[in-house]
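# Structural features, examined
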Amino acid sequence: MVDLESEVPPLPPRYRFRDLLLGDQGWQNDDRVQVEFYMNENTFKERLKLFFIKNQRSSLRIRLFNFSLKVLSCLLYIIRVLLDPPPQGNKWYHIFWVTRCLPLWGLQVSVALISLFETVLLGYLSYKGNWIHSSCILYHGIEGNIWEQILRIPFILEIINAVPFIISIFWPSLRNLFIPVFLNCWLAKHALENMINDLHRAIQRTQSAMFNQVLILISTLLCLIFTCICGIQHLERAGKKLTLFDSLYFCIVTFSTVGFGDVTPETALSKLFVVIMICVALVVLPIQFEQLAFLWMERQKSGGNYSRHRAQTEKHVVLCVSSLKIDLLMDFLNEFYAHPRLQDYYVVILCPTEIDAQVRRVLQIPMWSQRVIYLQGSALKDQDLLRAKMDDAEACFILSSRCEVDRTSSDHQTILRAWAVKDFAPNCPLYVQILKPENKFHIKFADHVVCEEEFKYAMLALNCICPATSTLITLLVHTSRGQTAPWELFKQLTGTKQTLNREGQQSPEQWQKMYGRCSGNEVYHIIMEESTFFAEYEGKSFTYASFHAHKKFGVCLIGVRREDNKNILLNPGPRYIMNATDTCFYINITKEENSAFKNQDQLRRNNASRSFYHGPSRLPVHSIIASMGTVAIDLQDTSCRSASGPNLALPPEGSKETRRPSIAPVLEVADTSSIQTCDLLSDQSEDETTPDEDISTNLEYAKGYPPYSPYIGSSPTFCHLLHEKIPVCCLRLDKSCQHNYYEDAKAYGFKNKLIIVAAETAGNGLYNFIVPLRAYYRPKKELNPIVLLLDNPPDMHFLDAICWFPMVYYMVGSIDNLDDLLRCGVTFAANMVVVDKESTMSAEEDYMADAKTIVNVQTLFRLFSSLSIITELTHPANMRFMQFRAKDCYSLALSKLEKKERERGSNLAFMFRLPFAAGRVFSISMLDTLLYQSFVKDYMISITRLLLGLDTTPGSGFLCSMKITEDDLWIRTYARLYQKLCSSTGDIPIGIYRTESQKLRTSESQISISVEDWEDTKDTKEQSHHRNNHRNSTSSDQSDHPLLRRKSMQWARRLSRKVPKHSGKTAEKISQQRLNLYRRSERQELAELVKNRMKHLGLTTVGYDEMNDRQGTLSYILINPSPDTRLEVNDVVYLIRPDPLAYLPNSAPSRKSSICNTTGPDTREETQL
């Protein structure tokens, strides 16, 4: 019964609802007890401890009060000394007794009482046990006994300075007793240290060890001097009776080791005191200085802090890297500070590793020491981000370490850094570099992202169909010196005759001057209504605006963006009508805002037709003198010509009486009939082939989006696809299966030449190599077979992605193995793409990471001299080793030019190397500047992705090329070509890829072969003709120039005549070696080696003998050349062609022009001009 009554029955629902409404009113009649919980023990001692010690702000006030008391006691001692009358009589009496007035005594007693009480109270609160039971504590040995508190030096000094004053209260005769109150300076030093610690805790800042150590050192030095001054002055009361100033003078002279000797102690006690103080100083001060030096060195390593005041008054960006190399640092600084408006910015580097010695030397240069701050720390720590003031930064650049073997791990570190920065400073713009495309979706929140493998493989792919695309993109995204020096204007103002310091302008070679001058072109933007270049073309078509802006100002309008749309459209075509609020993107040597327009003649403002030119002879130019950090450029005449003038006529073509029509005008508004377009979705006009001309497979192609992507975040691209995916077994090139019996590339009988990619693994980035080569705008008959030569077998998910594309195969092998190269069809390949291997990244010496790739490519170059090899390297400095010839005079001259350009401060000193200028080699690190430039030009990444085909925007054009043949030379100039393309197909040319004969190459091997050919002329004509044809592969440049060939042979003859006389044995040996050299050249040895391996593998050698050497030519790029630039045969023109899917033509004319033309040696260019 009792148990039942003790149980508490549940309340009815109505009572629970009532309690909810009435709150605690229902508790008045209940027996329940309200309990309060405290953070600490609710005792008097704990409350005092909370106020005096634990609470940061109240503890800081107590420390400050204690420090003030100690300083006051020292001041009272000085006042007592100054008021003390000169001592007379017994000298020892004056050491123990002084004269102290009553008010001064009262003040000193009050200070002593307060100080002693505070010391005892803090000791009691700091003591863990109970003072009443101290005997039990001592007996049991409990931690925190009372003697630890009593024997502390601050407590002993407090007893010495306070207890005598308290005793004098009860014993008046002791009021004049000497008490060493000056020792309170050490207690003041101790209180100051505690006060600084509490100050750091109160404001929640990281304690600066460097600041504390400097404070301790200064306070220790002051306490030593003050103690010595007061001690000597008091002890000399029995001697010379020195004043405080005399004691100060003596201490300074003694501690500075000067020792004049005019003031010296006389009494034994004062001398002993000086000896003790000197010993103390010799022990204490070196220890303090050593700790300070150590902390200073540690601070130099860690970099210290970037102050909050600087962060709020200055602009800075933060660079986060895992390891900082000198090349990475200089590329960032040169590109970042190349823009005039960034000169006032500061760069804070946050790196977890210790600063490198080479980087330290660079940062000590005055140009960088005032603007670059190195902090050692991690982006994952909020303390380090606070040191870098990330929340106040204008931007944060996070770069991946590409030199690691495990690139996925490097990406993971980059992702964590990006997350940490976004969590700490959500409003800070992020510029992130990622290596693997599959990791890109983790950082989609970043403002700008550059995926290295995406850009790398896309540029390698476009290099195969548009030569030197990598060089074109690299030059566009770099800041050249050609647009940063206002030298022409300076020369006019000062009358100086010095030349402009641009890339290549000091070179005697004409191609280097043109190449260097055009490399200064960059992409700029401006609002149309604010532009002098484009404002007058409002309401006109894009093609009309682009052509006339180039005709009038020499600028190349390549793209536009609507005000209400974030997408950039490259060459939207003639049907796009320009609006005043559009943002125009153009290529020029400088931006319009930095240009001043000055015409030589009065401009005619009439509305006459400006649709075409009247001949190359009538091209007067007007000058645009660019000021404020730009250069002067000469542009074409802006005067209008009447439409009734003579039309451009073609030169007569032999017996043909017909003439080609003159160039049609570019219409203000597009006319459908005037644009030669075609419907790429139809397969009738582009692939009109007979059954005999069908490609080796009978599969029909469709156009659509790939059904499977190997990674998240890839942009969908309209491509040529198979109706049904082929089995995975059929993708293997070198092994037969149940569906086909082919075992090498030759057996397939491909109509077009191969594109071979040599890579270590089939990463997801390799998918971006295939997509541009299978884009919908490339005709079927121009699709090149793609062979992936992989060191490791690919994964199934990658094979599932590529099995939808036509003529894509893979083979497991290595470029180290000649048999693998021959099986994959290297002898009839158009391009060989060599990708840098990840396994070679971890070389002991950084620049040796490319060693294996360079040697392998050099072997390919020697074995297959006609093969177009495109190589990717890790370090741009290693480009000089590509196609290396030790005794090539021309290469040595280019090496000297590169050194001179680097001394002049060029950011692209390697641009004149022939392999880079020709687009046969590039380094992905050169695209790091793309991320840096996006801080100023936020559109550069989008434009680059559109040019490379990584992104496809509806209505945006694509990059392609066309080749100039002899039939097209009637156009004569680049300006007339611009008009022809705009008026016929709507294409926008942006540059020229030019190939010239290299006339100055006189290497040793070529001379020896030429001598051999010269001596062979004594034989019959048939044999001579046969030998000359056989050796044409190694001396094609000299055979094309008979005068050069004749001079080189005469030079070789003179060398042979000047050979000194040798002994008979030596002469016989030289003769034998020369005979062997004549009989068997190095080229023949290599050819025989390749033929023997082909025969051993059962491959035919047909086609290998016809391989020609390209060593007699050089190639380079002219970006947006001047309008009067003459066209030459074999020039390749870069075009931005409008999107064929943006509109459907009213009629489908018979199509002879290809959409995107390749420039391989055997590919026919069909763009008709």
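Scroll up to find the structure this text is about.
Attention here is on the structure that accompanies the text.

## Here's the deal with a positive patch on the surface
A grouping of Arg880, Lys896, Lys899 and Lys900 is seen on the molecular surface, where their side chains present a positively charged patch. Within the fold, Lys900 resides in helix H30 (residues 889-903). With a relative accessible area of 47%, Lys900 lands in the partly exposed category.

## Some points on the environment of Val921
Its place among the elements puts Val921 in strand S21 (residues 921-923). When the C-alpha atoms of Val921 and Asn463 are compared, they prove to be 9.9 Å apart, with 458 residues separating the residues in sequence. Other than its neighbours up to four places away in sequence, Val921 contacts Thr871, Leu873, Met879, Met882, Pro915 and Phe916.

## Re the pairing of strand S18 (residues 808-812)
Within S18, four of the five residues are buried, leaving the element largely enclosed by the surrounding structure. Sheet topology note: the strand S17 (residues 786-790)/S18 ladder contains five bridges and is parallel. From the neighbouring strand, Leu789 faces S18, where its bridge partner is Met811. Note that the unit made of S17, helix H27 (residues 796-802) and S18 has a crossover that is right-handed.

## Description of the packing of aromatic side chains
For the structure shown, the criterion picks out 37 aromatic pairs. With a centroid separation of 5.8 Å and 40 degrees between ring planes, the pair formed by Tyr337 and Trp368 is classed as tilted. Pair noted here: Tyr337 is in the loop between helix H15 (326-336) and strand S2 (345-351) and Trp368 is in helix H17 (residues 366-369), with a separation of 31 residues, a long-range link. The interplanar angle of 90 degrees and the centroid separation of 5.7 Å between the aromatic rings of Tyr515 and Phe912 together place this pair among those described as edge-to-face. Linking Tyr515 in helix H23 (residues 510-518) with Phe912 in the loop between H30 and helix H31 (914-917), this pair joins segments that are 397 residues apart in sequence. Of the two residues, Tyr515 and Phe912, both sit in the buried class. In this structure an aromatic cluster arises from ring pairing among Phe332, Phe336, Tyr337, Tyr345, Trp368, Phe397, Tyr431, Tyr932 and Phe935. Against the face of Tyr337 rests Arg371, its NZ or CZ located 4.0 Å from the ring centre. Sitting over the face of the ring of Tyr524, Lys937 holds its NZ or CZ atom 4.3 Å from the ring centroid.

## Here's the deal with the sheet that holds strand S4 (residues 395-398)
If you walk across this open sheet you meet the six strands as S3-S2-S1-S4-S5-S6, and the pairing is parallel. The open sheet terminates on both sides in strands that have one partner only, identified here as strand S3 (372-376) and strand S6 (448-451). Mean inter-strand twist for the sheet, computed between neighbouring axes without regard to direction, equals 15 degrees. Across five bridges, S2 lies against S3 in parallel orientation. Bridge pairing in S3 places Val347 opposite Val372. Relative to the sheet, H15 contacts strand S1 (315-320), S2, S3 and S4, its axis offset from that of S2 by approximately 160 degrees. Sheet strands in contact with helix H20 (residues 452-465) are strand S5 (430-434) and S6, and its direction is about 55 degrees off that of S6.

## Thoughts on the pattern of salt bridges
Applying the stated criterion to the full structure yields 21 salt bridges. Note that Asp84 is salt-bridged to Arg80, the shortest N-O span being 3.4 Å. No difference in accessibility class separates Asp84 from Arg80, as the two residues are buried. Overlapping salt bridges bring together Lys440, Glu454, Arg945 and Asp951 as one network.

## Considering the nonpolar core
Ranked by internal contacts, the top residues of the largest apolar core, which has 203 residues, are Phe336, Phe397, Phe534, Phe769, Met832 and Phe864. Ranked by residues supplied to this core, first place goes to H20 with nine residues. Apart from the residues within four sequence positions on either side, Phe769 is in contact with Tyr457, Leu460, Ala461, Cys464, Ile755, Val757, Ile786 and Val833. The next biggest cluster of nonpolar side chains, apart from the first, holds 42 residues, and it includes Cys74, Leu217, Cys228 and Ala238.

## Overview of the sheet that holds strand S9 (residues 569-570)
Strand order across the open sheet formed by four strands is S7-S10-S8-S9, with antiparallel pairing between neighbours. The open sheet terminates on both sides in strands that have one partner only, identified here as strand S7 (522-527) and S9. Across two bridges, the pairing between strand S8 (residues 556-561) and S9 is antiparallel. Of the residues in S9, the one forming a bridge with Val560 is Leu569.

So, how was this worked out
Numbers given for residues are sequential positions, taken from 1 along each chain in its written order. Where totals are concerned, whole chains, interfaces and linings use all residues; where local detail is concerned, this predicted model gives features only for residues with pLDDT of at least 70, and gives and counts side-chain atom pairs only at 80 or more. Heavy atoms from the whole structure form the basis of all side-chain values; hydrogens and water molecules are not counted. Like-charged residues are merged into a patch within 9 Å and nonpolar side chains (Val, Leu, Ile, Met, Phe, Trp, Tyr) within 5 Å, provided each residue has over 30% relative accessible area and no salt bridge. Note on areas: Shrake-Rupley with a 1.4 Å probe; residue coverage comes only from the protein chains shown. Just to be clear on terms, a salt bridge is a Lys or Arg side-chain nitrogen sitting within 4 Å of an Asp or Glu carboxyl oxygen. Charged-residue counts in this description rest on Lys and Arg as positive and Asp and Glu as negative, His and the chain ends being excluded. To locate a charge, take atom NZ for lysine, CZ for arginine, CG for aspartate or CD for glutamate. Under the scheme used here, helices are H or I runs from DSSP no shorter than 4 residues and strands are E runs no shorter than 2 residues, and both carry numbers assigned from the N terminus. When accessible area is computed with a 1.4 Å probe and restricted to protein chains, residues below 20% of their type maximum are described as buried, those above 50% as exposed, and intermediate ones as partly exposed. Only heavy atoms matter for contacts: two residues are in contact if any of them lie within 4.5 Å across the pair. Here the rule is simple: two strands pair whenever DSSP picks up at least two bridges between them. Seen with the strands pointing away from the viewer, any crossover whose path from the first strand over the helix to the second strand runs clockwise is right-handed. Only Phe, Tyr and Trp rings take part, Trp by its six-membered ring, and two of them pair if their centres are within 6.5 Å. Stacked means planes under 30 degrees apart, edge-to-face means over 60, and tilted covers everything else. Charges are assigned to positions over rings by a cutoff of 6 Å between ring centre and Lys NZ or Arg CZ, combined with an angular limit of 35 degrees from the ring normal. Under this scheme, a helix contributes an axis fitted over its contacting stretch, all axes are lines through C-alpha atoms, and angles between N-to-C directions fall in the 0 to 180 degree range. The definition of a nonpolar core used throughout is a set of buried Ala, Val, Leu, Ile, Met, Phe, Trp, Tyr and Cys residues joined through side-chain atoms within 4.5 Å.

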